[in-house]
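Observations on the three-dimensional arrangement
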Amino acid sequence: MEWVETTGKTVEEAKDLALDQLGVDTQDAEFEVLEEPRTGLFGRVRGEARVRARVAPRQQRPRQDRSSRNKGSAAPKAFTGGGGTEAMASTSRPRTGRRPGAAGSATVAAAAPAPDTAGPAPGGRTVDEIVSVEAQADIMESFLEGLLDAFGASASVNRRAVDEETLELAVEGDDLGLLIGPKGQTLGAVQELARTVVQRRAAGTHEGRVRIDVSGYRQHRREALERVTRQVAEEVHRSGARKAL
Amino acid sequence: MSDAEEQVAGEQAPAEGAPSGSGPAANAQAMLEYLARAVVEDPDAVEVDVDEGRRGVVTLNVHVGDGDMGRVIGKRGRVAQSIRTVVRAAAVRDGVNVDVEFVDS
């Protein structure tokens with residue numbers, strides 16, 4: 001199994017990135033903290049957290065666990081490995097008092113022994129490749145087109161720039177309410193899946209972001225929010241009394 | 001997700017006519033196959049089978065290749081949850097409620 005190496009401001013962030021690239025849940029991955037962010041004076045962070053991770057070799061775990069919808073079953077049962085287990089206990093804040101040299105590698109092995117715990121594996125994908133917003137939008141657009149097809153909807157996808165780092169893919173067509181869903185839930189799911197597909201197809205650093213809108217839903221939400229905000233602001237201006245938003 | 005929410009979704013675009021494909025949840029099945037294939041490493045290994053239950057609930061069982069289970073489930077089940085949401089929306093067109101299960105084969 002391939003190792004990926006990622007960096008982030010915190011160990012937690014680096015792990016999240018690694019999980020994104022591997023496309024697995026925490027309990028299916030195996031981490032090694034290569035470097036913890038060093039803490040400077042007054043808790044200022046210098047240096048980045050570096051972790052490497054891979055999909056944990058799958059053991060004969062009781063299969064019922066996987067299909068169980070009970071979220072509680074995601075307990076850390078996989079982490080029977082001794083030693084570095086504490087590295088798993090989400091340390092989103094860098095630990096103070098760590099000497100740079102002591103940052104060593106705390107290995108968290110999921111049940112299976114990790115044979116090569118020293119140094120990054122040669123097969124590891126690099127994380128430094130930059131994926132442009134346009135490239136991300138290309139992937140998302142073809143994903144969306146396939147999705148609309150599977151949905152049996154005749155709709156078009158239009159691309160427009162929202163600001164310097166944001167592109168929007170606007171899906172326009174008739175009868176797209178189902179794709180938005182109650183409170184935009186389905187739209188949110190589509191966005192999440194599109195993001196996942198981009199992550200799978202193009203690993204690396206993704207610059208900017210690509211937003212999906214369906215029938216101007218997000219646009220309307222934004223306008224409604226602006227209206228409310230403006231109303232409150234005017235009222236505060238008139239009455240001179242504070243008001244929380 | 002509750003039935004009530006699905007009904008709300010249904011009101012926005014009422015289910016129309018019979019689906020073009022076959023089976024009790026053809027639209028939902030096609031959507032599920034598409035989404036699962038989009039997120040796995042081995043799309044050819046994706047299979048969906050249909051269990052027609054009582055009371056109009058159709059269960060769609062997704063099988064994926066070795067090592068791809070994590071990919072369809074995702075961090076904290078987010079991918080799986082998103083797939084369920086979109087597949088349920090597609091199922092409104094089939095006029096059925098669906099339940100998506102990710103099966104370890």
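Owing to the predicted nature of the structure, the values given are computational and were not obtained by experimental measurement.

So, the pattern of salt bridges
Applying the stated criterion to the full structure yields 16 salt bridges over all chains. Here R71 of chain B makes a salt bridge to D68 of chain B, at a shortest N to O gap of 2.8 Å. Judged by its relative accessible area of 13%, R71 of chain B is buried. The network of salt bridges with shared partners includes D20, E192 and R195 of chain A together with K75 and R78 of chain B.

Quick notes on the nonpolar core
Formed by 62 residues in total, the largest nonpolar core has its most connected members in M31, L35, V72, V87 and V98 of chain B. Sorting elements by how many residues they give to this core places helix α3 (residues 133-151) of chain A first, with ten residues. Those residues in contact with V98 of chain B that sit more than four places away from it in its chain are A25, A28, V58, L60, V87, R88 and A91 of chain B. By size, the runner-up hydrophobic cluster in this structure holds nine residues, among which are V4, L19, V24 and A29 of chain A.

Notes on the side chain of K75 of chain B
Residue placement: K75 of chain B occurs in the loop between α3 (69-73) and α4 (78-94). Residues contacting K75 of chain B, with those up to four places away along its chain left out, are D16, L19, D20, V24 and D25 of chain A.

Concerning the sheet that holds strand β11 (residues 209-214) of chain A
Residue and element names in this part refer to chain A. Spatial ordering of the open sheet is given by β8-β9-β11, a layout of three strands whose pairing is mixed. Each having just a single partner strand, β8 (155-163) and β11 make up the two edges of the open sheet. Strand-to-strand twist in this sheet, taken as the mean axis angle between neighbours without regard to direction, amounts to 25°. Alignment of strand β9 (residues 166-173) against β11, held across six bridges, turns out to be parallel. Looking at β11, one finds that E168 is bridged to R211.

Some details on the pairing of strand β5 (residues 49-55) of chain A
The side chains of a regular strand alternate between the sheet's two faces. Residues and elements named next belong to chain A. Burial analysis of β5 places six of its seven residues in the buried class, the great majority of the element. Here six bridges tie strand β1 (residues 3-8) to β5, and the two strands are oriented antiparallel to one another. Residue T7 lies in a different strand from β5, and its bridge partner there is R50.

How each quantity is defined
Residues numbered from 1 in each chain as written. Chains lettered and ligands numbered in written order. Predicted model: local features only at pLDDT ≥ 70, side-chain atom pairs only at ≥ 80, totals over all residues. Heavy atoms only, no water. Salt bridge = Lys/Arg side-chain N within 4 Å of Asp/Glu carboxyl O. Buried < 20%, exposed > 50% of the residue type's maximum accessible area, 1.4 Å probe, protein only. Core = buried A, V, L, I, M, F, W, Y, C linked by side-chain atoms within 4.5 Å. Helix = DSSP H or I, 4+ residues; strand = E, 2+ residues; numbered from the N terminus. Contact = heavy atoms within 4.5 Å. Pairing = 2+ DSSP bridges. Axes fitted to C-alpha atoms, helices over the stretch in contact; angles between N-to-C directions.

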